[in-house]
Amino acid sequence: MSLIGVFDSGVGGLTVLREMRRRLPRADFLYLGDTARLPYGSKSPETVRRYALNAASYLRHHEIDLLVVACNTASASALPDLAKCSPIPVLGVVEPGARAAIRSGARRIGVIGTEGTIRSGAYQNTLQHMRVDLRIRSRACPLFVPLAEEGWGNHEITRQVARIYLKDLLDWGVETLILGCTHYPLLQESIRAVAGPSVKLVDSATALSDVAIEEHGALLGRTQGKGLLRLHLTDASERFLRIAEEILDSEADEFRVVDLDSGPTSPG
Ligand code: DGL
């Protein structure tokens, strides 16, 4: 395997990329941030499906060997379509997140995510399908994505917003809380401060990279790249690059602003 393609609407998928690079330091990655069309979470499922198919076909055009859909909203709306037309393995975030929550042993599971992810019922259905005796509650948290994009992971405003969003789940006695959006691990300090120490947080980014290694370990083990990171964005963003450097603790080896319909347009 030579190149792993990863995509999300913005900085959220970098939490998946960080985890995968840590576990596979010699693999080469191409990350696509569809920043021109962010956020996905408030769009209709049909629109998200179209964006996701478009992003996947762009990455496949670059001859990736594994496609990682590092976006819960896209995974919830488009994973079957993405897998159906794909000659290479495709991994999404929802099932790994659900499996990790079940492994926590909790019976009361809370799911937070974008409006699109929560409305799709993808986590609720997957969890219930895996275990019928679970009690599940969910909550869309639409302000979390802009707060993560702003880099306000540990900020009083984020804690205030989290108090409002999480109140009902905490009053209900949630035991395990699935961070069902790859942007949310970037707010983990604030979410942890509000949820308290007894609530287990399941980070779908870590869960996804665990599954990538478990299920594609043999393929990934053969990865003999140079540890290169190529970063392609659909809209130039200084803020994205600053946050990306903080998250990944390194600079990209290649940066491009691209048009998904016509390929790379200009070097950054
Ligand atoms: N990070 C994405 C997710 O996991 C999408 C956020 C957005 O664009 O709304 O759902």
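Residues numbered from 1 in each chain as written. Predicted model: local features only at pLDDT ≥ 70, side-chain atom pairs only at ≥ 80, totals over all residues. Heavy atoms only, no water.

Explain the site of the ligand here, please?
Neighbouring the ligand are 14 residues; Ser-9, Tyr-40, Asn-72, Thr-73 and His-183 lie closest to it. Asn-72 places a main-chain nitrogen or oxygen 2.8 Å from an oxygen atom of the ligand. A distance of 2.7 Å separates a nitrogen atom of the ligand from a polar atom in the side chain of His-183. If the ligand stood free it would expose 300 Å²; the protein chains cover 99% of that surface. (Near = heavy atom within 4 Å. Polar contact = N/O pair within 3.5 Å; in protein donor to acceptor, adjacent residues only side chain to side chain. Areas by Shrake-Rupley, 256 points an atom, 1.4 Å probe, with all protein chains shown as cover.)

What is the right way to read the nonpolar core from this model?
Where a protein is soluble and globular, its nonpolar side chains tend to be buried together. If you look at the biggest cluster of nonpolar residues, it comprises 55 residues, and the most contacted ones within it are Ile-4, Leu-14, Ile-112, Phe-144, Leu-177, Tyr-184 and Ile-191. The element contributing the most residues to this core is helix H8 (residues 156-172), with six residues. Among all residues touching Ile-4, those that are not within four sequence positions of it are Met-20, Leu-24, Ala-27, Asp-28, Phe-29, Leu-30, Ile-64, Leu-66, Val-68 and Leu-220. (Core = buried A, V, L, I, M, F, W, Y, C linked by side-chain atoms within 4.5 Å. Buried < 20%, exposed > 50% of the residue type's maximum accessible area, 1.4 Å probe, protein only. Helix = DSSP H or I, 4+ residues; strand = E, 2+ residues; numbered from the N terminus. Contact = heavy atoms within 4.5 Å.)

How should I be thinking about the packing of aromatic side chains in this particular structure?
Each pair of aromatic rings is reported with the distance of its centres and the angle of its planes. Across all of its chains, the model carries four aromatic pairs by this definition. Where Tyr-31 meets Phe-240, the ring centres are 6.4 Å apart and the plane angle is 40°; that geometry is what we call tilted. Of this pair, Tyr-31 sits in strand S2 (residues 28-33) while Phe-240 sits in helix H11 (residues 238-248), and the two are 209 residues apart along the sequence. A relative accessible area of 0% places Tyr-31 in the buried class. The class of Phe-240 is buried, set by a relative accessible area of 2%. When the centroid spacing of 5.1 Å and the interplanar angle of 85° are considered together, the rings of Phe-144 and Tyr-184 count as edge-to-face. Of the two residues, Phe-144 is situated in helix H7 (residues 144-149) and Tyr-184 in the loop between strand S7 (176-180) and helix H9 (188-195); the sequence distance between them amounts to 40 residues. Through successive ring pairs, a cluster of aromatic residues spans Phe-144, Tyr-165 and Tyr-184. (Phe/Tyr/Trp six-rings, centres within 6.5 Å; stacked < 30°, edge-to-face > 60°.)

It is not clear to me how the pattern of salt bridges should be interpreted in this structure. Could you clarify?
Side chains that carry opposite charge are capable of pairing whenever their charged atoms lie near each other. A complete count under the given rule lists 16 salt bridges for this structure. Between Arg-23 and Asp-210 there is a salt bridge whose closest N-O contact spans 2.6 Å. You can see Arg-23 sitting in helix H1 (residues 14-23) and its partner Asp-210 sitting in helix H10 (residues 204-221), a full 187 residues away along the chain. Here Arg-23 falls in the partly exposed class, since its relative accessible area comes to 32%. Lys-84 is the partner of Asp-81 in a salt bridge, and the nearest nitrogen-oxygen pair spans 3.3 Å. In this pair, Asp-81 and Lys-84 are both assigned in helix H3 (residues 72-84), three residues apart and thus about one turn of the helix distant. Judged by its relative accessible area of 67%, Lys-84 is exposed. (Salt bridge = Lys/Arg side-chain N within 4 Å of Asp/Glu carboxyl O.)

Hey, could you run me through the pairing of S7 in this one?
When a strand is regular, its side chains alternate between the sheet's two faces. Extensive coverage of S7 is indicated by the burial of five of its five residues. Neither face of S7 is exposed, since Thr-176, Ile-178 and Gly-180 on one face and Leu-177 and Leu-179 on the opposite face are all buried. By the bridge criterion, four bridges tie S7 to strand S8 (residues 200-203) in an arrangement that is parallel. Pairing of Thr-176 across the sheet is with Lys-200, part of S8. For the segment spanning S7, H9 and S8, crossover handedness is right-handed. (Pairing = 2+ DSSP bridges. Right-handed = clockwise from strand over helix to strand, strands pointing away.)

Purely spatial values, then, with no claim about function.
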